[in-house]
Amino acid sequence: MSETVPAKGAAKPPPAATLRRIERHAGALATSSVARMDETLPWFRALPADQRSWVMLVAQAGVRSLVEWLRSGGVVAATTQEISDEVFAAAPRALARSLTLTQTVQLIKVTIDVAETEVAALAAPGEEEPLLQAILKFSREIAFSAARVYARAAESRGAWDARLQALLVDALLRGDSSDVLASRAAALGWADAPPVAVVVGRSPGGDITAVLHAVYRAARRARIEVIGGVHGDRLVVVMGGASDPVATAEALADSFGEGPIVVGPAVPSLDHATVSARAALAGFRAAPAWPGAPNPVAADDLLPERVLAGDMEARRTLRHDAYGALARAGSGLLETLDAFFASGGVLESAARELYVHPNTIRYRLKRVTEVTGLSPLDGRGAFALRVALTVGRLDPAT
């Protein structure tokens, strides 16, 4: 009978005597490894009993896998990956969520250190050095297997988070109850740091997970918390802890695609974020009507365009906060605006129309700015005031 020739790239398997010794010492080796972990790793001592038992299972599976790997001659092939992956298959997936990758690497290191100290008892006479080299090589395979386990867990968690965030953003846009928003936000670890604002822009396209990852990276640099979702061609981002929402949105701008980025008004918490989301969406739809708008732009700066686009909330805002405020203030402010606009913005002509001094017109226009926050001497302010006057007179009951 001819002798079996090892495959190319394979090492000669250890003698049968060494393999038998390792198999006999498997239980003791796993127990010694766990005992060393308990001595040297404070965080391991704090683990619940069930998780410590899972680690014991992994250690025992590791010794068995070492024997199989040694018996195969340490062939670096698909079978090697399968053998090393079986080590972590011995424990529930929950273990990967309970332990960090750094902690897992520490556990592997302790186990390998214990195995190294036992080489003299495990190896047949004269086989100590080859066995030590084999153990070190196997430890590399185990480390790669651990990285694969955590990579798969991270991918799964990332995909789940992306779906959960999309559901939360969808609930936000629909105006679902605060209980629904709170439960989904809690599952994502949302701290609800005030103020909260919603940003809407075009999605850059491509893989959704990659799009959201770019948002999170920018948010970490800006030191805010975010929840994001891609809806069709739109990227919707909820920002928490952004004291200046427009400036913060500018820090996230590279995460969006081409086109306008609209920032909804700041609200106290996620419970009220639907208001911000609706304003941002309405502003996003109306933004093309203002080609020269800054980017990002506040939704409240797009009130006249939103009114023309049919946004009832913007209509109510201009009617109440501009036209209604001027009507309540009295002092001829509405008549002064009418005369000022009718004269093409010429103070003297407006003064002649009203039979007052031009300084009176100047004073009243200043009062208009104080009352509404909109300046009739500014192009954008004058446009918003014109729309407000029109809306107010179309709805005289208000």
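Conventions we followed
Residues numbered from 1 in each chain as written. Predicted model: local features only at pLDDT ≥ 70, side-chain atom pairs only at ≥ 80, totals over all residues. Heavy atoms only, no water. Helix = DSSP H or I, 4+ residues; strand = E, 2+ residues; numbered from the N terminus. Buried < 20%, exposed > 50% of the residue type's maximum accessible area, 1.4 Å probe, protein only. Phe/Tyr/Trp six-rings, centres within 6.5 Å; stacked < 30°, edge-to-face > 60°. Lys NZ or Arg CZ within 6 Å of the ring centre and 35° of its normal. Pairing = 2+ DSSP bridges. Contact = heavy atoms within 4.5 Å. Axes fitted to C-alpha atoms, helices over the stretch in contact; angles between N-to-C directions. Arc of directions from axis to C-beta. Core = buried A, V, L, I, M, F, W, Y, C linked by side-chain atoms within 4.5 Å. Salt bridge = Lys/Arg side-chain N within 4 Å of Asp/Glu carboxyl O. pLDDT = per-residue confidence, 0-100. Parallel < 35°, antiparallel > 145°, perpendicular 65-115°, else oblique. Left-handed = near helix turned anticlockwise from the far one by under 90°. Expected span 1.5 Å × (residues − 1). Polar contact = N/O pair within 3.5 Å; in protein donor to acceptor, adjacent residues only side chain to side chain.

(A) Spotlight on the environment of T369. With respect to the helices and strands, T369 occurs in helix α18 (residues 358-372). We classify T369 as partly exposed; its relative accessible area is 29%. T369 sits 12 residues away from G381 along the chain, and the two C-alpha atoms are 8.8 Å apart.

(B) Expanded view of the packing of aromatic side chains. A complete count under the given rule lists two aromatic pairs for this structure. Ring centres of W43 and F44 lie 6.2 Å apart, and the angle between their planes is 85°; this geometry places the pair in the edge-to-face category. The same class applies to W43 as to F44, namely buried. Geometrically, the ring pair formed by F340 and F341 is tilted, given 6.0 Å between the ring centres and 50° between the ring planes. Look at F340 and you get buried, because its relative accessible area is 4%. The ring of W290 is capped by R380, whose NZ or CZ atom sits 3.5 Å from the centre of that ring.

(C) Inspection of the sheet that holds strand β4 (residues 262-263) at higher detail. Here we have five strands laid out as an open sheet, ordered β2-β3-β1-β4-β5, and mixed in their pairing. Since the sheet does not close on itself, it has two edges, and those belong to β2 (225-231) and β5 (297-298), each with one partner. Sheet strands in contact with helix α12 (residues 245-252) are β1 (196-202), β2, β3 (234-240), β4 and β5, and its direction is about 125° off that of β3.

(D) Here's a closer look at helix α17 (residues 347-354). If you check which residues of α17 are buried, you get L347, A350 and A351. End-on view of α17: buried residues confined to an arc of 100°, all on one side of the axis. Those residues of α17 that are exposed and angled more than 90 degrees off the buried face are R352 and E353. Buried residues along α17 sit against α16 (333-342) and α18. Just downstream of α17 lies Y355, where phi reads positive at about 60°.

(E) Inspection of the environment of F284 at higher detail. Secondary-structure assignment places F284 in helix α13 (residues 273-286). Once you skip the residues sitting within four places of it in the chain, F284 turns out to touch V200, G201, R202, R234, P260 and V262.

(F) Spatial organisation of the nonpolar core. Counting 32 residues, the largest nonpolar core has F44, L70, L107 and L131 as its most contacted members. Put simply, the parts of the chain that give this core at least two residues each are α1 (16-24), α2 (26-40), α3 (42-45), α4 (49-71), α7 (101-117), α8 (119-122) and α9 (128-174). Discounting chain neighbours no more than four positions away, the residues touching F44 are V34, M37, D38, R52, V55 and L107.

(G) Representation of the pattern of salt bridges. Enumeration over the complete set of coordinates arrives at 11 salt bridges. Note that R52 and D38 form a salt bridge whose closest N and O atoms lie 3.0 Å from each other. One end of the pair, R52, is in helix α4; the other, D38, is in helix α2, and 14 residues separate them in sequence. On the accessibility criterion, D38 (25% relative accessible area) is partly exposed. The partner of R319 in a salt bridge is D395, with the nearest N and O atoms 2.9 Å apart. On the criterion of sequence distance, the pair formed by R319 in helix α15 (residues 312-329) and D395 in the segment after α19 (379-394) is long-range, its members being 76 residues apart. Each member of the pair, R319 together with D395, is buried. Shared partners join several salt bridges into a network, and the residues in it are D300, R306 and D311.

(H) Looking closely at the side chain of S33. Within the fold, S33 resides in helix α2. For S33, a relative accessible area of 1% translates into the label buried. Ignoring any residue separated from it by four or fewer positions in sequence, one finds S33 in contact with V110, T111 and V114.

(I) Local environment of the confidence of the model for the protein. In this model, the protein carries an average pLDDT of 82, and 81% of its residues clear a pLDDT of 70 or more. Here residues 1-9 scores under 50 on pLDDT; set against residues more than four positions off or in separate chains, the count is zero contacts. The model gives residues 75-80 a pLDDT under 50, and that stretch makes seven contacts with residues more than four places away or in other chains.

(J) Here's a closer look at the packing of α16 against α19. Relative to each other, α16 and α19 sit at 120°, their axes nearing to 11 Å. If you check the angle between α16 and α19, you find them oblique. Along this stretch, α16 crosses α19, giving a crossing that reads as left-handed. Of the residues in α19, those touching α16 at L334, L337, D338 and F341 are A382, L385, R386, L389 and R393.

(K) Focus on α19. With 16 residues, α19 should reach 22 Å at 1.5 Å per residue; the first-to-last C-alpha distance of 23 Å fits that figure. Three or more residues of α19 are buried, namely G381, A382, A384, L385, V387, A388, L389, V391 and G392. On its buried face, α19 sits against α14 (303-308), α15, α16 and α18. If you check the start of α19, you find a side-chain oxygen 3.1 Å away from the backbone N of R380, and it comes from D378.

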